[in-house]
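# A look at the structure
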Amino acid sequence: MKKFKTTINLICIWFMLCFFIRPLPAQGYGGALTFQGLDNITLHSASSRAAGGVSICAEQDAGLMFQNPATLHSINSIQLSIGGLHYSKSAKQEQNYAPVRYYPNLSLLLEGLTASIPDPDTALFGFTARDTVQRPFDGIGPNWSKSDKDNLPVQIMLAAPVKVSENIKIIAGVGAVEYANLDHYYQNNNVLSPSILSQRPLPTLRPTDDDPLGVDWYQTIRSRDGSINGYGFALTGSFEKYNLSIGISGMILEGNSDDYEYEQGRGHLTFFSNAFRIDSVYSRVTKTGRSDFSGQEYTISGILSGKYVSAGFSVKIPATITRKYSIEVVEKGMNGASLRYAVKDEDKMELPWRGTIGLSLRPKENLKLGLEYEYHPYGSADYVDANGSKSAPWVSASLFRAGVEYRITPWLMLRGGMRGHAEVFEPEGNKIEGEPVIYTVYSAGIGLFYSGLHFNISYENALMKYQDIWSGAISKNSERRQIVFADLSYEIPWLW
């Protein structure tokens, strides 16, 4: 009977592990390229960007038709809008190591500092892993940095209103936009496999002289360059009697990216009870290819407008993004021989419901304040690999946006704001499991108006910083992003 109860308990524990424990992602050592960059959704309105990404305050702005289609209710003339941006970013990683118990020279090896240590006198101590200095076989250091900049067209949109009755107006819009910027880069020069310095889910047990532990040491790089574009429509109904507007938009998503992955073996480490040995290896794996993305996205939103207070919501329904990829793999080994082969397949990302609620205040005729709460339950997003297996690689986030608009004159508007931005991964060794990397984007801009011409420009500045933490090691990661976005729209007089 006791054995039966034990078996039942083990089965219950197994089910709990399967259904309640989900592996949480970390940038950590990187991993393969799949859907990195898909979460980097592009905002298409310079006025909204300048006001911290808040959309509920905007008026007469066709650039918001895919972010919050209900805002089209304020358009009273045919409006044509075009926009683009310039961005620059610089990323770096700095690694620091503390001496590891039983293996004090490991930190010096990984930081590339063993060159300053003289060789011991082997005539006195012999020649074993315990009494010789283990040195790298290459000149790769632990740290790296990378900068990039580019100019990109972002949107072209057309919106037109049609008065159905005295109190009802329909606004229709079409547009072509950059839906997501897929540019991505990550590098780690000291990858250990298995990850002996990680503390989760369990620390690595200390090996013995009779049962040593082998660990591969290598450098890994991955990068992606491309974007997903959206082509779609928006339709908004404005019911002036009730001060209510309801909008819906939809996009067909298509795009591609150039993908690159590189792995270079740096050595093979063998750990004994209180010493380690490094052996030379030569292995390089290079993967170059292309990913083609496709899917659809639909947005529903509503705004209840008042003289001093307005409230609204915007919801994106679940969507599936499919990626078809083709990769050429080149593997080079110790003897100089190379193996070349191609891989073609597809995977997909299933996105859940996402939404925003907002509030706009107008304390003065020429002053608007906006606040929005944005919920991204990306922890419920499912990645389906080529074999049909599902996993949850992302983490959820709740974010706030705040912005202000102040009209100085009929032709000049000042804007400013800030918004939270979250990555879909958590740092390695995160103190709070499931908490993503979150940072603040600060923004400012102006709007110029002359007759039917509207010119808006915004500037955004953000610094992403996070730390990957292992046992006796820390990687300091940072990326500075600066974006200048401008759009120009023209209102064509429209007779009802």
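Look a little higher up for the structure.
In this text, all values refer to a predicted model and were calculated from it rather than measured experimentally. (Residues numbered from 1 in each chain as written. Predicted model: local features only at pLDDT ≥ 70, side-chain atom pairs only at ≥ 80, totals over all residues. Heavy atoms only, no water.)

### A short note on the overall build of the protein chain
Across its full length, the protein chain holds four helices and 20 strands. On the principal axes, the C-alpha backbone points of the protein chain span a range of 100 × 65 × 45 Å. Considering the protein chain as a whole, with its 496 residues, one finds that 46% of them fall into the buried category. Within the protein chain, contacts between residues at least 6 apart in sequence are counted, and of these 72% link residues at least 24 apart. (Helix = DSSP H or I, 4+ residues; strand = E, 2+ residues; numbered from the N terminus. Buried < 20%, exposed > 50% of the residue type's maximum accessible area, 1.4 Å probe, protein only. Contact = heavy atoms within 4.5 Å.)

### Remarks on the pattern of salt bridges
In a structure, side chains of opposite charge can pair up when their charged atoms sit close to one another. Considering all chains together, one arrives at 19 salt bridges under this definition. Arg49 serves as the salt-bridge partner of Glu460, at 2.4 Å between the closest nitrogen and oxygen. Of the two residues, Glu460 sits in strand β19 (residues 453-470) while Arg49 sits in helix α2 (residues 46-50), which places them 411 residues apart along the sequence. Judged by its relative accessible area of 3%, Glu460 falls in the buried class. A relative accessible area of 5% means that Arg49 is categorised as buried. One salt bridge in this structure joins Glu328 and Arg340, with 3.1 Å as the shortest N-O distance. Note that Glu328 is positioned in strand β10 (residues 319-332) and Arg340 in strand β11 (residues 338-351), a separation of twelve residues in sequence. Classification of Glu328 by relative accessible area gives partly exposed; the value is 37%. With relative accessibility at 54%, the residue Arg340 sits in the exposed group. Residues participating in the shared-partner salt-bridge network are Arg224, Asp259, Arg323 and Asp347. (Salt bridge = Lys/Arg side-chain N within 4 Å of Asp/Glu carboxyl O.)

### Re the pairing of strand β13 (residues 367-376)
Relative to β13, strand β12 (residues 354-364) runs antiparallel, the two being bridged by eight bridges. Counted as the bridge partner of Ile357 is Tyr373 from β13. Count of turn residues in the β12/β13 antiparallel hairpin: two residues. The pairing of β13 with strand β16 (residues 397-409) spans ten bridges and is classified as antiparallel. Paired with Gly370 across the bridge in β16 is Gly403. (Pairing = 2+ DSSP bridges.)

### Concerning the pairing of strand β5 (residues 213-239)
As judged from the 13 bridges shared by strand β3 (residues 168-181) and β5, these two strands associate in the antiparallel manner. Residue pairing across strands places Val174 opposite Phe233, the latter belonging to β5. In this sheet, β5 lies alongside strand β4 (residues 184-193) in antiparallel orientation, the contact comprising eight bridges. Following the sheet pairing, Tyr185 is matched in β5 by Ser223. Where β5 and strand β6 (residues 244-271) come together, 27 bridges link them in antiparallel fashion. Residue Ala234 lies in a different strand from β6, and its bridge partner there is Ser249.

### Overview of a negative patch on the surface
Together, Asp148, Asp150, Asp225 and Asp258 make up a negatively charged patch on the protein surface. If you trace the backbone, Asp258 turns up in strand β6. (Patch = residues over 30% accessible without salt bridge, like charges linked within 9 Å, V, L, I, M, F, W, Y side chains within 5 Å. Areas by Shrake-Rupley, 256 points an atom, 1.4 Å probe, with all protein chains shown as cover. Lys, Arg positive; Asp, Glu negative; His and termini not counted. Charge placed at Lys NZ, Arg CZ, Asp CG, Glu CD.)

### As for the packing of aromatic side chains
All told, the structure shown has eight aromatic pairs when counted by the stated rule. Both rings, one in Tyr103 and one in Phe271, keep their centres 5.1 Å apart while their planes meet at 90°; by these two values the pair is edge-to-face. Highlighted residues: Tyr103 in the loop between β1 (78-97) and α3 (105-110) and Phe271 in strand β6, separated in sequence by 168 residues. For Tyr103, a relative accessible area of 8% puts it in the buried group. By relative accessible area, which is 3% here, Phe271 ends up buried. Between Trp144 and Tyr185 the ring centres are 5.4 Å apart and the planes differ by 70°, which places this aromatic pair in the edge-to-face class. Of this pair, Trp144 sits in strand β2 (residues 144-163) while Tyr185 sits in strand β4, placing them 41 residues apart in sequence. On the accessibility criterion, Trp144 (10% relative accessible area) is buried. Among the aromatic residues, ring-to-ring pairing joins Phe35, Phe293 and Tyr383 into one connected group. When the ring centre of Phe35 is taken as origin, the NZ or CZ atom of Arg323, which lies over that ring, is 5.9 Å away. (Phe/Tyr/Trp six-rings, centres within 6.5 Å; stacked < 30°, edge-to-face > 60°. Lys NZ or Arg CZ within 6 Å of the ring centre and 35° of its normal.)

### Let's talk about the side chain of Asp468
Along the polypeptide, Asp468 turns up in strand β19. For Asp468, which is buried and forms no salt bridge, the nearest opposite charge comes from Arg222, at a distance of 9.7 Å. A distance of 2.7 Å separates a polar atom in the side chain of Asp468 from the backbone nitrogen of Glu428. (Polar contact = N/O pair within 3.5 Å; in protein donor to acceptor, adjacent residues only side chain to side chain.)

### Points about the environment of Ser47
The topology assignment puts Ser47 in helix α2. Distance from Ser47 to Gly237, taken between C-alpha atoms, is 23 Å for residues 190 residues apart in sequence. Once residues lying within four places of it in the same chain are set aside, the contact partners of Ser47 are Asp61, Arg415, Asn456 and Asp487.

### Remarks on the environment of Ile278
Checked against the element boundaries, Ile278 lands in strand β7 (residues 276-279). Take Ile278: its relative accessible area is 8%, and that puts it in the buried class. The spatial distance from the C-alpha of Ile278 to the C-alpha of Lys324 is 40 Å, given a sequence separation of 46 residues. The contacts of Ile278, once residues within four sequence positions are left out, are Leu109, Gln134, Arg135, Phe137, Trp217, Arg266, Gly267, His268 and Leu269.

### Let's talk about a positive patch on the surface
Together, Lys92, Lys465, Lys476 and Arg480 line one region of the surface with positive charge. Looking at the secondary structure, you find Lys476 in strand β20 (residues 473-492). By relative accessible area, Lys476 is classed as partly exposed at 38%.

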